[in-house]
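Now for the letters of each chain:
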Amino acid sequence: MHTKNDDPAVGGGRPPSRSKPAGLRSRQLTAHVLVAAWAVLALLAASAQQTLPVARWLAVHLFLLGAATTAIVVWSEHFAVAVLHAPLPDRRWSNARLVGVNAGAVSVLTGVWADLPVLTGAGCALLITAVTAHLVVLVRIGRRALGGRLAPIADYYRAAAAAMVIGAALGWIVATGKAGPGHSTGLELAHVHVMLLGWIGLPVLGTLFMLWPTVLGVRMAEHTARLARRVLALTGGGLAIAVAGLAAGWRPAAVLGIALYAAGVAGAVQLFARTVRTVRNRPAISPAAAWTLAAATGWLVLGVVVDLGLLVARPLSEMRDDIGSLVAVLLVGLVAQVLMGALIYLLPVVLAGGPRERAALRAVLERGWAPRLVVLNTGVALLALPLPGPVGTTGALLAGAAGAAFLAPVVGVLVRSGRDLLRAPERAGASRRPVLWGTAAGAVVTVLAVLVANSGGDPSGGARAAGPAGPVRATTRTVAVTLADLRIRPARIEVAAGTVLRLEVTNTNAQRHDLKVEDGPATPMLAKGSTRVLDLGPVTGNRRAWCTLPGHRAAGMTLDILVEGDAATDSSGHGGHTSAAADRGGPDLSADFSAGWRSRDADLAPAPGATVHQVELHAAHTTVEVAPGVKQQMWTFGGTAPGPTLHGRVGDVFEVTLVNDDPSMGHGIDFHAGSLAPDRPMRTIRPGERLVYRFRAEKAGAWLYHCSTAPMLQHMGNGMYGAVIIDPPGLAKVDRSYVLVSSELYLGTPGSTAQVTKMRQNAPDAWVFNGVANQYAKQPLKAKVAERVRFWVVAAGPSDGIAFHVVGTVFDTVYKEGGYLLTPDQPGGAQVLDLATAQGGFVEATFREAGHYAFVDHDMRHAESGAHGMVEVSD
Amino acid sequence: MDTVGWWSLVRFAHVAGAALWVGGQLALSLVVLPLARRLLDPEAKDRFTAAAGRRFGMLTGAVFLPVQLATGWAMAWHKGVTWASLAEPGYGRTLTTKLALFVVVMLAAAGHGIAHAKGRVELARALAVVSLVGSFGVVLLATALPAT
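Cut-off values and rules
Residues numbered from 1 in each chain as written. Chains lettered and ligands numbered in written order. Predicted model: local features only at pLDDT ≥ 70, side-chain atom pairs only at ≥ 80, totals over all residues. Heavy atoms only, no water. Helix = DSSP H or I, 4+ residues; strand = E, 2+ residues; numbered from the N terminus. Buried < 20%, exposed > 50% of the residue type's maximum accessible area, 1.4 Å probe, protein only. Areas by Shrake-Rupley, 256 points an atom, 1.4 Å probe, with all protein chains shown as cover. Contact = heavy atoms within 4.5 Å. Core = buried A, V, L, I, M, F, W, Y, C linked by side-chain atoms within 4.5 Å. Buried area = accessible area lost by both parts, 1.4 Å probe. Polar contact = N/O pair within 3.5 Å; in protein donor to acceptor, adjacent residues only side chain to side chain. Phe/Tyr/Trp six-rings, centres within 6.5 Å; stacked < 30°, edge-to-face > 60°. Pairing = 2+ DSSP bridges. Axes fitted to C-alpha atoms, helices over the stretch in contact; angles between N-to-C directions. Salt bridge = Lys/Arg side-chain N within 4 Å of Asp/Glu carboxyl O. Expected span 1.5 Å × (residues − 1). Patch = residues over 30% accessible without salt bridge, like charges linked within 9 Å, V, L, I, M, F, W, Y side chains within 5 Å. Bend = angle between axes of the 7 residues up to and from the residue. 1 Å grid on protein atoms, 1.4 Å probe; cavity = no way out; pocket = protein on both sides within 12 Å on 5 of 7 lines; lining within 4 Å. Points joined across faces, edges and corners; volume = space filled by probe spheres on them. Nonpolar A, V, L, I, M, F, W, Y, C, P; charged D, E, K, R; others polar.

Draft legend 1. A look at the overall build of chain B. Within chain B, the secondary structure is distributed over four helices and zero strands. Scanning chain B from its N terminus toward the C terminus, one meets helices and strands in the order α-α-α-α. Counting the 148 residues in chain B, one finds 30% classified as buried. Element-wise, carbon and sulfur atoms account for 71% of the exposed surface of chain B, whose accessible area totals about 9,300 Å².

Now the structure itself:
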């Protein structure tokens, strides 16, 4: 009816569920559905490794933190109950622990992926809580139970749980970058070791003591329990020493610890080998499981030996890359394979309702096991060998294929069992609690919604300090670093705290150089033209990097990575995401404007036919993208800075209605083009009020208008200016007419001390044409060959004038401040229209050939800081 | 400009409607239904809860939903929301997810009614909880939006 060797807890023990009530089966079913789901996600993440930089971390943790952890929690409880002959723990609390572990895993994974340290922290806390509860339960059931001769095996699970708690805490520190440059490598290594060798390695070893003889179909050796105790002392103790040593950066302790661990593993393997020899004529219960488990154990041994070798041979700071590949190998070779081997045997045992069903399920899982085994192990071997890239990729593909080939029948088995359970008269659903499921579903949907709502980076309105500013949103920055002759360019990189920094290091010098980051990764010696990428992870403290060749560092071949101090005063209003050029504090003008941005149309609309122009101008605050990727709150007339351009002829009347839509301050307006008593028309009106400003443009010129409210430096500095173009009588027709209002740009919260200081010191962040830095460089003005183009220019300031120059052409007409300085009939030409603050005029030029003609403020500081545009001349 | 102006009244109607919806659900789940289960005979309890649910559902459909939709639409129009701006990060996306979550809540509420009609009590209860938790999520996102 029920063979003796069916349940691994053989040897005088009552198996936990002989009759397997549907509730228990459904619980096992759910747990394994979770495991399978995590494994599928891990495979998907692994396949996306080329495109997503975080995919590798995701793949590793989806599998280990998701699939493997769930399996270990479920099975260690199951086996602990079995070996201790204990009563089953409360089902609801078991479920709660499982949910807690999974929720914690989801939280950690999402937190790292979406870069939300709060979520990562919450997830780690949840994991620690759930696993501690798991540990407490494991200890308690031992105390209450009679215990069997295999009771020492339960200690493996307890030690593993303790390891997990330590590992989760270490992971938390590493993931949030709190370790600081001195310790991060050591803590990361400690995390990897305690998790792989402790949380996963110890339960594997412990369970194998029981599972190995079971799948082989032989009796357990007499001294198994005694040996198990000894092995645990060696492995557990060794691991503790090793982890402490790694965390403290003390290599000898790490070597000793891993050596002890290896000794323990060796002892266990010796027993397993001897057990094989006792298999005589009887075939193994499950050769598939046996061989898979054997292969997994082989990789464990190999992994531990290689790890020991690395620790002996290399200093800790250089181990990171090698550990990375070792983790990959162990992940597939040990963890995935041990899971496969165990599940081939155990899944039918727990899911089937009777011996015939069990055999059927096992047959499904074992189908094609031999080729699958070979493919998987070949793949892992290819991954392990230090061969060129494509070999490793092939290995990964093979391993992935084998994994998928196992997942498919597992999913089939789970579906089949699920259907059987639902058909069973005792509805497994009776144990489900609708309130719990409903709350969980609602919470998941809400969390997803909040994540999507917050996605997309900095929302508009960056100048207004957003309410609860959480931790700085770390971005990934890749900086191209060039190794030149005894110099590193750039010599300084400034990053915001927490930024994930990647250095793309290229050697452009004939001599070989390398780059080593202080307490971090290093490139090998690079020949001329070679490139390497270094991943520094989140940068939380200042670090240095240098070339390790003798004398090079002393000669000055160093790179400083500096963490920007809390630049709240300086960068508020930047939108928080400007990547400052290494040397300047201004906006990054080489970046791209946001998607969908359009430059301001610089065409001068023809003067309306009427002689009375009625205009309504609204004074308000508007958020404008004033430089690539930089949004700033501007004070505007008509929603733009500069405000709308008015155009008319001599003698025209302008009736301007000013409406103050600004709820927080008063504004006024001053039109230079009109002559009238300022008392009433240029007065300041309160929010919501309006005034009518009527003036007659009696004289021609390019006139400035601006806000007349004190302090005018700030009102103008924040964008309240514009142009009024009054054509001189008899103005010749031209093919194109553009209006460019030049001004300074001051970033920051308008009215803040920092910003006003910049205005006072005449230290703007950029000089601009028509309000936006470099906008016509990104979206050039257009002209055709041989067309005559007129540029109206008004220098709005508030402090600087302009030396307007167009590269590649000569002005044959210059009109400045009401008079022609130069007309086409004269032999001379002009290169610059020089305007003092608030002056205006126009120049005309023709373009001889097709090409790109830049126009600039020829004060080069201004030109290189945004007063730069382009005319694209085509045939 | 008055502080209690027309648009603040629109906002008031929207918030009051939300308060009634969430408050009504809470009152039912935390006060009315537990007492009904405890104090009434099973048959009377079934009739009472069915009637209560139907009445609440009717109020939702006839009063709550139109008022929320109308006032919500008006506020969005007043704020200058366009279809394109709904995808933009910040206000647009928050509003979009709030709307999506609201749809989920309404579907869950409708599903709750249907499940009860079909006699699937547990599913109905789960959906009711989903609706309640989701409603809190909607309020969470709404409070994240700046006042219109």
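Once you've had a look at it, read on.
Draft legend 2. Looking closely at the overall build of chain A. Secondary structure summary: chain A contains 20 helices and 27 strands in total. Counting all 875 residues of chain A, 51% fall into the buried class. The contacts in chain A between residues at least 6 apart in sequence include a share of 74% that link residues at least 24 apart. Approximately 37,400 Å² of chain A is accessible, and the part contributed by carbon and sulfur atoms is 60%.

Draft legend 3. Layout of the nonpolar core. Residues and elements named next belong to chain A. Ranked by internal contacts, the top residues of the largest apolar core, which has 137 residues, are F63, L64 and F209. The dominant element in this core, judged by the number of residues it contributes, is helix α10 (residues 320-351), at 22 residues. Residues contacting F63, with those up to four places away along its chain left out, are A39, A42, A68, L331, V335, A336 and L339.

Draft legend 4. Representation of the interface of chain A and chain B. In this complex, chain A contributes 19 residues to the contact, which on the side of chain B involves 17 residues. Counting the surface lost from both chain A and chain B, the interface buries some 1,400 Å², and carbon and sulfur atoms represent 75% of this. On the chain A side of the interface with chain B, the three residues burying the most area are P434, T446 and A453 of chain A, jointly 30% of the side's total. Our count for the chain A to chain B interface comes out at zero residue pairs in polar contact (both at pLDDT 80 or more).

Draft legend 5. Region of interest: the side chain of T94 of chain B. Turning to its location among the elements, T94 of chain B is positioned in helix α3 (residues 91-117). Every residue in contact with T94 of chain B, bar those within four places of it in the chain, is listed here: A453 of chain A together with L141, A144 and L145 of chain B.

Draft legend 6. Region of interest: the packing of aromatic side chains. Residue and element names in this part refer to chain A. Per the counting criterion, the structure on display carries 28 aromatic pairs over all chains. Measuring from centroid to centroid gives 4.7 Å for F847 and Y853, while their planes differ by 65 degrees, and the two rings are edge-to-face. Judged on exposure class, the residue F847 and its partner Y853 are both buried. Following the ring pairs from residue to residue traces out a cluster consisting of Y738, F769, Y776, F791, F804, F811 and F855.

Draft legend 7. Here's a closer look at the sheet that holds strand β10 (residues 630-637) of chain A. Residues and elements named next belong to chain A. Sheet architecture is open: four strands sit in the order β10-β9-β12-β14, paired in mixed fashion. On the outer flanks of this sheet lie β10 and β14 (690-696), each paired with one strand and no other. With strand direction ignored, the average angle separating the axes of adjacent strands in the sheet is 30 degrees. Of the strand pairs in this sheet, strand β12 (residues 653-660) and β14 are connected by seven bridges, and their pairing is antiparallel. Along β14, the bridge assignment pairs T657 with V692.

Draft legend 8. How the structure looks around the pattern of salt bridges. Residues and elements named next belong to chain A. For the structure on display, the rule yields 16 salt bridges over all chains. For R788, the salt bridge goes to E844, with nearest N and O atoms at 2.7 Å. On the criterion of sequence distance, the pair formed by R788 in strand β20 (residues 788-797) and E844 in strand β25 (residues 840-846) is long-range, its members being 56 residues apart. For E844, a relative accessible area of 5% puts it in the buried group. One continuous salt-bridge network, built from bridges that share partners, spans R788, R790, D812 and E844.

Draft legend 9. Structural context of the sheet that holds strand β1 (residues 476-484) of chain A. All names here are of chain A. Judged by pairing direction, the sheet is mixed, and its four strands sit side by side in the order β2-β1-β4-β6 without closing on themselves. Two strands in the sheet have a free side with no partner beyond their single neighbour: β2 (487-489) and β6 (531-538). Sheet twist, expressed as the mean angle between neighbouring strand axes with direction ignored, is 25 degrees. One ladder, built from seven bridges, connects strand β4 (residues 500-507) with β6; its direction is antiparallel. Residue pairing for β6: E504 is matched across the bridge by V533.

Draft legend 10. Fine view of the side chain of H706 of chain A. Residue and element names in this part refer to chain A. Of note, H706 is situated in strand β15 (residues 701-706). Separated by 3.2 Å, the side chains of H706 and H672 make a polar contact. If sequence neighbours within four positions are ignored, H706 has contacts with F637, G668, I669, D670, H672, M712, M716, M720 and Y721.

Draft legend 11. Inspection of the environment of N95 of chain A at higher detail. All names here are of chain A. Structurally, N95 can be placed in helix α3 (residues 91-113). Judged by its relative accessible area of 30%, N95 is partly exposed. Separated by 68 residues in the primary sequence, N95 and R27 have C-alpha atoms spaced 8.2 Å apart.

Draft legend 12. Region of interest: helix α4 (residues 121-144) of chain B. The first and last C-alpha atoms of α4 of chain B sit 35 Å apart over 24 residues, in line with the 34 Å expected at 1.5 Å per residue. Inspection of α4 of chain B places A124, A126, V129, V130, S131, L132, V133, G134, S135, G137, V138 and L141 of chain B among the buried residues, and these make up the whole buried set. On the buried face of α4 of chain B, the contacting elements are α14 (434-454) of chain A together with α1 (6-39) and α3 of chain B.

Draft legend 13. Fine view of a nonpolar patch on the surface. A grouping of L30, V31, L35, L39, L40 and F48 of chain B is seen on the molecular surface, where their side chains present a nonpolar patch of about 580 Å² in accessible area. Tracing the backbone through its elements, the reader meets V31 of chain B in helix α1.

Draft legend 14. Quick peek at helix α2 (residues 55-84) of chain A. All names here are of chain A. For α2, with 30 residues, the first-to-last C-alpha span of 41 Å sits near the 44 Å given by 1.5 Å per residue. The sharpest bend along α2 reaches about 30 degrees and sits at T69. Within α2, 28 of the 30 residues are buried, which leaves it mostly tucked inside the rest of the structure. A positive backbone phi angle near 55 degrees is found at H85, which sits one or two residues after α2.

Draft legend 15. Main features of unusual backbone geometry. All names here are of chain A. Omega for the bond connecting A641 with P642 falls within 30 degrees of zero, at 0 degrees, which places this linkage in the cis form. Inspection of the secondary structure puts P642 in the loop between β10 and β11 (646-649). In this model, G797 is joined to P798 through a cis peptide bond whose omega is 15 degrees. For P798, the position within the fold is in the loop between β20 and β21 (802-806). With phi around 50 degrees, N762 is a residue other than glycine that occupies positive phi space. On the secondary structure map, N762 appears in the loop between α18 (753-760) and β18 (766-769). Phi is positive for N774, close to 60 degrees, though the residue is something other than glycine. Inspection of the secondary structure puts N774 in the loop between β18 and α19 (775-778).

Draft legend 16. Broad picture of empty space enclosed by the protein. All names here are of chain A. Summed over all chains, the structure comprises six cavities of 30 Å³ or more. By volume, the largest cavity is sized at about 280 Å³. At the level of secondary structure, the elements contributing two or more residues to the lining of the largest cavity comprise α2, α6 (184-216) and α10. Per-class residue counts for the lining of the largest cavity are 18 nonpolar, two polar and no charged. Approximately 80 Å³ is the volume attributed to the second largest cavity.

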